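# Chains, contacts and geometry: an overview
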Amino acid sequence: MSTEIDPYNTTYAPGASGSQTTLQGSPYMHPSGASLPASSQTSFPASQYDSSPLARDGGYLLDPGKPRRRPIYKNIWFWLAAAVAVAAAVVLPVYFLVIKPKHHDSSTRSATNSTRPISSNAAIQIGGNGSIVTKDDGTTFIYNNSFGGYWVYNPENPFDNSARPNSWTPPLNQSWQWGKDRINGVNLGGLFVPEPFIVPSLFEANPGAVDEWTLSEILASKGQLQEALEQHYSTFITEEDIAQIAGAGLNWIRVPIPFWAVDTWSDVGVDDQGQTVSEPFLARVCWKYILRVIGWARKYGLRVLLDLHTIPGSQNGYNHSGKLGSLNWLNGPMGLANAERSLDYIRSIAEFVSQPEYKDVVQMFGILNEPFLPTIGRDPIESFYLRAYEMVRNITGLGEGNGPMISIHDGFDALSNWVGFLPGADRLVIDDHPYFAFDGQPNREPVNITADGSDGTLLGGKWPLQACNAWGVSMNNSRQNFGVTVAGEFSNAINDCGLWVVGIGVPANFGPDCGYWMDASQWSDATKQGLLNFALASMDALGDWFFWTWKIGASTTTNTVQAPLWSYKLGLEGGWMPPDPRVATGMCERLGVQPQPFNGNFQPWQTGGAGAGTIAPQATASIQPWPPAISHVPTESVSLLPQYTSTGTVVTLPPQTFTTTASVTPTVSAGDGWFNTGDTAPAVTPISGCTYPDAWDAINAQIPLSGCLPAPTAA
């Protein structure tokens, strides 16, 4: 890892001349230093961007004021140099990956246990900037990565973890140093959990669909469910997208997945008409595509946060939870049963990603996206988090290298309210999703005017400074007082404009005149410049982040992206996202927000070191034992809440299969999908004879008076 940039500003001491009038910022808000190119330390005017950030010399545009030289390809020395470069592109990666493996930052890093040496077989393929990548279908593309990243494809060992996305990020087979290495990530939103504003074409082709539940019902009625969704899984995000993510200076991806990647139930109760309700989702099909994405991430050296985005009954009632409307997870008559079932899905995923074949790539597991604490309540969520944490760590074991970091969402509560939750827990991460777009305000203030707090040379209006002040302090304090803290989602959306951003048929708080913000071709250079500065300030304030999202699909009505504020890829092409995320460093300082640096040192137990997993009894004394009290259930009915019985068959997720050819035979195990052979407990299943209310719409349902409680277990 490069040591030129200290993301937590461990050495900076603000001078007396620094501004004292604004809130102090995040650990990443340190002054612009000499460690970055001069062009990195200033804002990028939109006019200095070309159409693609992947076609620049060294990631930066050349000075447009300099005279143009004779085309270099007409010079004989060009061709001699090209020959040398091609040879170096092969020899140097082979040297660093084969001849000299595992020497990156050898004084401070250690290779993880599942590191496998690269084979010297000629079948191995390694490529850096300008290399040609051949995809599975035989087509090719050029890998553009001016940051020193390289891809590795080893057909003998498909689990080779030697790739790296850039020079400042350790290869997958080297330890990530929490507090020193910095997450610059992006979400693959809409890929496995289609959302209307991300994949509008799917919903435009199926009027009446507002979420994946209704989309699945409509597609199934046409006999198109599997065909349509597999076409989407196959094409929405491709290998070239993953290569471009690495080439954009990013080093992590967050991959939202649905529980139906594991399984669905054909009977989840009866509705108010007495009809049996069956979950309509396409079960178990997207899993092979999830593994394909993980394989691509491995190939290009990207670490993965696998995030369980949906849950039985819905944890928030949002359209991306599976079904829009009612919240039935830890809430209402079916709240407990749905939570019991969700633990089994978390268990199956944890067992799979903890295998040695996957643990160096999937280094973080988000066990539940955005449970809505204001409705559910803190006590039930804390009780569930403790239950899930103990289950996962019983699977993985304790300490660094044993399974992934466990990410929990803050439930839309303040990060400060999570301080003191499970101190001593092994590798527990708190995840925050800061957005201005969903604050309920019109947010019509312009972005194409002078940025507040700047010296007059920056654009952005109030937005960049607001990001620094609103997010920097809380993120930094959480690192200091809770532990590892990440922003699993944020975006460039200063308002809620965009086709179906707030849902199909739901008007934007901005007002009816969103047309300008839905059509990036109308944006002025000043608008792009202001948005870029907002992005830089957000990145600087948040420190460790995942932008939501990499790609927004085009609407079929216009053939254009109609929610452009949410697309990292489009922002790179259009000039309102930085071609090098490191240029965000120091942005808040430039806006007068003085750093409040986190020293970069987490407590050892927070990252899997000494004491990891030793939770003092008093730390859990205030947490409700499982099962917890459930909201919106009469006190006299709590003891009658329907539950499932633990007599079912647990689902083991299938491993990826690899092709053997005449010239290449994979020589390593692909795993069997289950890490801990001692984990043999059965899964939950409905109790025979119980008439359950509809698990997805039970808030006002009558609680069964008998027959829905599991038999007592033997002492």
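Note that the structure is predicted; figures quoted are calculated from it, not measured. All chains use their own residue numbering, which begins from 1 and follows the written sequence. Local features in a predicted model are, by the rule used here, given only for residues with pLDDT of at least 70; side-chain atom pairs are given and counted only at 80 or more, and totals for whole chains, interfaces and linings are based on all residues. For side-chain calculations, the full set of non-hydrogen atoms in the structure is used, while hydrogens and water are omitted.

### Comments concerning the layout of surface pockets
Here is the rule we go by: Cavity and pocket criteria rest on a 1 Å grid covering protein atoms alone: a 1.4 Å probe that fits but cannot get out defines a cavity, protein on both sides within 12 Å along at least 5 of 7 lines defines an open pocket, and an atom within 4 Å of a point defines a lining residue. Grid points are joined across faces, edges and corners, and a volume is the space filled by probe spheres set on the points. Only DSSP runs of H or I with at least four residues qualify as helices, and only runs of E with at least two residues qualify as strands; both kinds are numbered from the N terminus onward. As a working rule, the residues Ala, Val, Leu, Ile, Met, Phe, Trp, Tyr, Cys and Pro are called nonpolar, Asp, Glu, Lys and Arg charged, and the rest polar, with Gly in that last group.
Counted as a void, the largest pocket has a volume near 1,100 Å³. Along its surface, the largest pocket is lined by 42 residues, and Asp136, Tyr153, Gln656, Thr657 and Phe658 are the ones closest to its centre. Elements represented by at least two residues in the lining of the largest pocket include exactly strand E2 (131-134), strand E4 (151-153) and helix H6 (287-300). Roughly 810 Å³ of internal volume is contained in the second largest pocket. Forming the walls of the second largest pocket are 34 residues, and the residues nearest its centre are Tyr318, Glu370, Phe412, Tyr435 and Phe438. When residues of the lining of the second largest pocket are assigned to their parent elements, the largest contribution, three residues, is made by helix H10 (residues 463-481). For the lining of the second largest pocket, the class distribution of residues is 19 nonpolar, eight polar and seven charged.

### Some remarks on the nonpolar core
One broad rule of soluble globular proteins: the nonpolar side chains tend to lie buried together. Here is the rule we go by: The nonpolar core is taken to be a set of buried Ala, Val, Leu, Ile, Met, Phe, Trp, Tyr and Cys residues, with the residues joined through side-chain atoms within 4.5 Å. Only protein chains enter the accessibility calculation, which uses a 1.4 Å probe; a residue is then buried when its area is under 20% of its type maximum, exposed when over 50%, and partly exposed in between. What makes two residues a contact is simply this: any of their non-hydrogen atoms within 4.5 Å.
The biggest cluster of nonpolar side chains holds 170 residues, and the ones touching the most others in it are Leu188, Phe192, Ile253, Trp566 and Tyr568. Examining the composition of this core, we find that 10 residues originate from one element, helix H7 (residues 335-353), more than from any other. Phe192 has contacts with Glu212, Tyr233, Val255, Pro256, Ile257, Pro258, Cys286, Tyr289, Ile290 and Val293, leaving out every residue within four places of it along the chain. Core analysis: the second largest hydrophobic core is formed by 13 residues, Trp178, Trp252, Val484 and Phe598 among them.

### Things to note about the side chain of Glu195
Note that Glu195 resides in the loop between strand E5 (184-187) and helix H2 (200-204). For Glu195, the residues in contact, after removing those within four places along its chain, are Gly190, Phe203, His309, Asn319, His320 and Trp548.

### Focus on the confidence of the model for the chain
Low-confidence regions, as indicated by low pLDDT, have predicted coordinates that should not be scrutinised in detail. Applicable threshold: Per-residue confidence from the predictor is reported as pLDDT, which spans 0 to 100.
A residue-level look at the chain finds 83% of positions with pLDDT of 70 or above and a mean pLDDT of 86. Taken together, the stretch residues 1-120 has pLDDT below 50 and engages in 226 contacts with residues farther than four places along the chain or on a different chain.

### A closer look at the pairing of strand E6 (residues 252-257)
Our working rule: Between any two strands, pairing holds if DSSP finds at least two bridges.
Taken across its six residues, E6 has six buried, putting it largely inside the fold. Neither face of E6 is open: one carries Trp252, Arg254 and Pro256, the other Ile253, Val255 and Ile257, and all of them are buried. Looking at chain direction, E5 and E6 are connected through three bridges and run parallel. Among the inter-strand pairings, Gly185 is bridged to a residue of E6, identified as Trp252. The sheet contact formed by E6 and strand E7 (residues 303-308) spans six bridges and is parallel.

### Structural notes on the packing of H10 against helix H12 (residues 525-542)
Put simply, the rule reads: Only the stretch in contact is used when fitting a helix axis, every axis being a line fitted to C-alpha atoms; angles between N-to-C directions are given from 0 to 180 degrees. An angle counts as roughly parallel when it lies under 35 degrees, as roughly antiparallel when it exceeds 145, as roughly perpendicular when it falls between 65 and 115, and as oblique in every other case. Should the near helix be turned counterclockwise from the far one by less than a right angle, the crossing is left-handed, whereas a clockwise turn marks it as right-handed.
At a minimum axis distance of 7 Å, the contact between H10 and H12 shows a crossing angle of 15 degrees. Classified by the angle between their axes, H10 and H12 sit roughly parallel to one another. Of the two possible hands of crossing, H10 and H12 adopt the one that is right-handed. Along the contact surface, H10 presents Trp463, Pro464, Ala467, Cys468, Trp471, Gly472, Met475 and Arg479, while H12 presents Asn533, Phe534, Ala537, Ser538, Ala541 and Leu542. A per-class count over the contact of H10 with H12 returns 10 nonpolar, three polar and one charged.

### What to know about the side chain of Ser407
Assignment of secondary structure puts Ser407 in strand E9 (residues 405-409). Contacts of Ser407, omitting those with residues within four sequence positions, involve Met364, Phe365, Gly366, Ile367, Val429 and Asp431.

### Details of the pattern of salt bridges
Pairing between side chains of opposite charge can happen when the charged atoms of each approach one another. To be explicit about the condition: We define a salt bridge as a side-chain nitrogen of Lys or Arg found within 4 Å of a carboxyl oxygen belonging to Asp or Glu.
The final tally for this structure, using the stated rule, is 19 salt bridges. The partner of Asp344 in a salt bridge is Arg347, with the nearest N and O atoms 3.9 Å apart. Of the two residues, Asp344 and Arg347 both sit in helix H7, three residues apart, roughly one turn of that helix. Taken as a pair, Asp344 and Arg347 share a single burial class, namely buried. One network of salt bridges, in which partners are shared, links Arg254, Asp307, Asp431 and Glu489.

### Quick notes on the packing of aromatic side chains
Here is the rule we go by: Two rings belonging to Phe, Tyr or Trp (six-membered ring only in the last case) form a pair when the distance between their centres is within 6.5 Å. Interplanar angles under 30 degrees mark stacking, angles over 60 mark edge-to-face geometry, and anything in between is tilted. Whether a charge lies above a ring is judged from NZ of Lys or CZ of Arg, which has to be within 6 Å of the ring centre and within 35 degrees of the ring normal.
Applying the stated criterion across every chain, the model contains 46 aromatic pairs. Each residue in the set Trp213, Phe259, Trp260, Phe281, Tyr345 and Trp696 is aromatic and connected to the rest through ring pairs, giving one cluster. One cation-aromatic arrangement involves Arg341 over Trp265; the distance from NZ or CZ to the ring centre is 4.3 Å. Over the ring of Trp418 we find Arg378; its NZ or CZ atom is 4.3 Å from the centre of that ring.

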